Amino acid sequence: MNYYDDFKGSQLENSYSSNPQYGGAPQEGPKKRHNRGFAVAVALACVVSSSAMGFGGGYLAANLAGNQSAASQPADNTPTGSTVSSAPSSTGGVMSVSQIVSSVSDSVVEIRTEVPQQNFFMQPVTAQAAGSGVIISQDGYIVTNNHVIDGAQKITVRLKDGEETYDATLVGTDPQTDLAVIKIEAENLSAAVMGSSDSLQVGDETVAIGNPLGELGGTVTNGIVSALNREVTIDGETHTLIQTNAAINPGNSGGGLFNDKGELIGIVVAKSSGSGIEGLGFAIPVDKAKTVIEDLIQNGYVTGRGALGVSVIDIQDERSAFMYRVPQLGVYIAGVNESSAAQKAGLKVGDGIVAVGDAEISSSQELKTELEKYSAGETIKLRVLRDGETLPISVTLQENVPESVQQTEEA
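Since the structure is predicted, the reported quantities are computational estimates derived from the model, not experimental observations.

Caption draft 1: Main features of helix H4 (residues 286-299). In this model H4 runs 19 Å from its N-terminal to its C-terminal C-alpha over 14 residues, within 8% of the 20 Å that 1.5 Å per residue would give. Counting buried positions along H4 yields eleven of 14 residues, so the element is predominantly enclosed. One or two steps after H4, the chain reaches Gly300, where phi turns positive at roughly 85°.

Caption draft 2: Structural detail: the pattern of salt bridges. In the structure shown here, the tally under the stated rule is ten salt bridges. We note a salt bridge from Glu185 to Lys183, for which the minimum N-O separation is 3.8 Å. With a relative accessible area of 56%, Glu185 lands in the exposed category. Here Lys183 falls in the buried class, since its relative accessible area comes to 10%. Salt bridges sharing partners connect three or more residues here, namely Glu110, Arg112 and Arg158.

Caption draft 3: Structural view of the packing of aromatic side chains. For the structure shown, the criterion picks out one aromatic pair. Between the aromatic rings of Phe120 and Phe121, the centroid separation amounts to 5.3 Å while the plane-to-plane angle is 85°, which identifies the pairing as edge-to-face. Per residue, the accessibility class of Phe120 equals that of Phe121, and both read exposed. The ring of Tyr141 is capped by Lys183, whose NZ or CZ atom sits 5.1 Å from the centre of that ring.

Reading guide: rules and limits
- Residues numbered from 1 in each chain as written.
- Predicted model: local features only at pLDDT ≥ 70, side-chain atom pairs only at ≥ 80, totals over all residues.
- Heavy atoms only, no water.
- Helix = DSSP H or I, 4+ residues; strand = E, 2+ residues; numbered from the N terminus.
- Expected span 1.5 Å × (residues − 1).
- Buried < 20%, exposed > 50% of the residue type's maximum accessible area, 1.4 Å probe, protein only.
- Salt bridge = Lys/Arg side-chain N within 4 Å of Asp/Glu carboxyl O.
- Phe/Tyr/Trp six-rings, centres within 6.5 Å; stacked < 30°, edge-to-face > 60°.
- Lys NZ or Arg CZ within 6 Å of the ring centre and 35° of its normal.

Here it is as structure tokens:
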């Protein structure tokens, strides 16, 4: 099954792609930065290529500002000092679908992006992509999916009326949760009211608003909560999502999922597509998104994640093992970052990581999953294969910020 499908140009393409560095994103750095610690992302590259070098060369506070009206618009950055928090329903009671739409539709926006690419002749061209977003503050902060704006050189936001269009700036992005915040220069916007995804029950009514097919902005579909805490693995990232049978289509990504009180309960993130598959849509629970959104607004990245500071390579067959001259299959260090936690602990290129704590490791994805359980400053125990011996090595994880953020701070 395929997930995270959005429209680029007139053709449907998969716009959700893995980054070479975990926790980073290849787009412009955030507009504002605070001098807090480095956000913790796992810096691991896990790409195997026939041309690879040998080891010797190294290889929102108050309901997003306490808004009293709900809307399903794409949202991005939030003003400095503002926060993401819960707020009561504008009506305080259950509404019909038409009432929900009337209450919240102004808060959902269309997002269009321009992404630089190369054509068949390796010439630079610009691809068009489209998605959705949700306004989370009256002064123009909008939340959307990371994969909607990933790699964009230009982001444009169009409001529900279809007449007002704004250029947006990227505030912050988090590939790990597939969330991003952007900002437009506008005032008195209709911002969505944050609900509680933790209080949802299977069977509760849902309303999704977004921009399906990249052309039908403001489209409304409804259904129910089909499942809670559904684990879905997409491009190596495991997400715990709300499942709904409200119709979700390419272009809906980043749009809003609302409850029967008109409160935002999720950010639409994916649909399952394939022959004969319908009625499988997913959304990021808003209670999990709030802290990420706040961090993105305040810092431009998610802080507190532990970083080992290595790139790795998977050796999954005998031919690769022979080529890299390693004694067994598994995950091996291909590069150690300068001044990283790994370098300080004495890890070397060519070391095989056998275990993190008591968890056995056989692939880069398993290593990444285990490292995500730890925070910056924590000390982890690795078992490392080196020169035919298994060695115990303790590493104190560092905080890490995406490369784009580091470049902005150094500028």
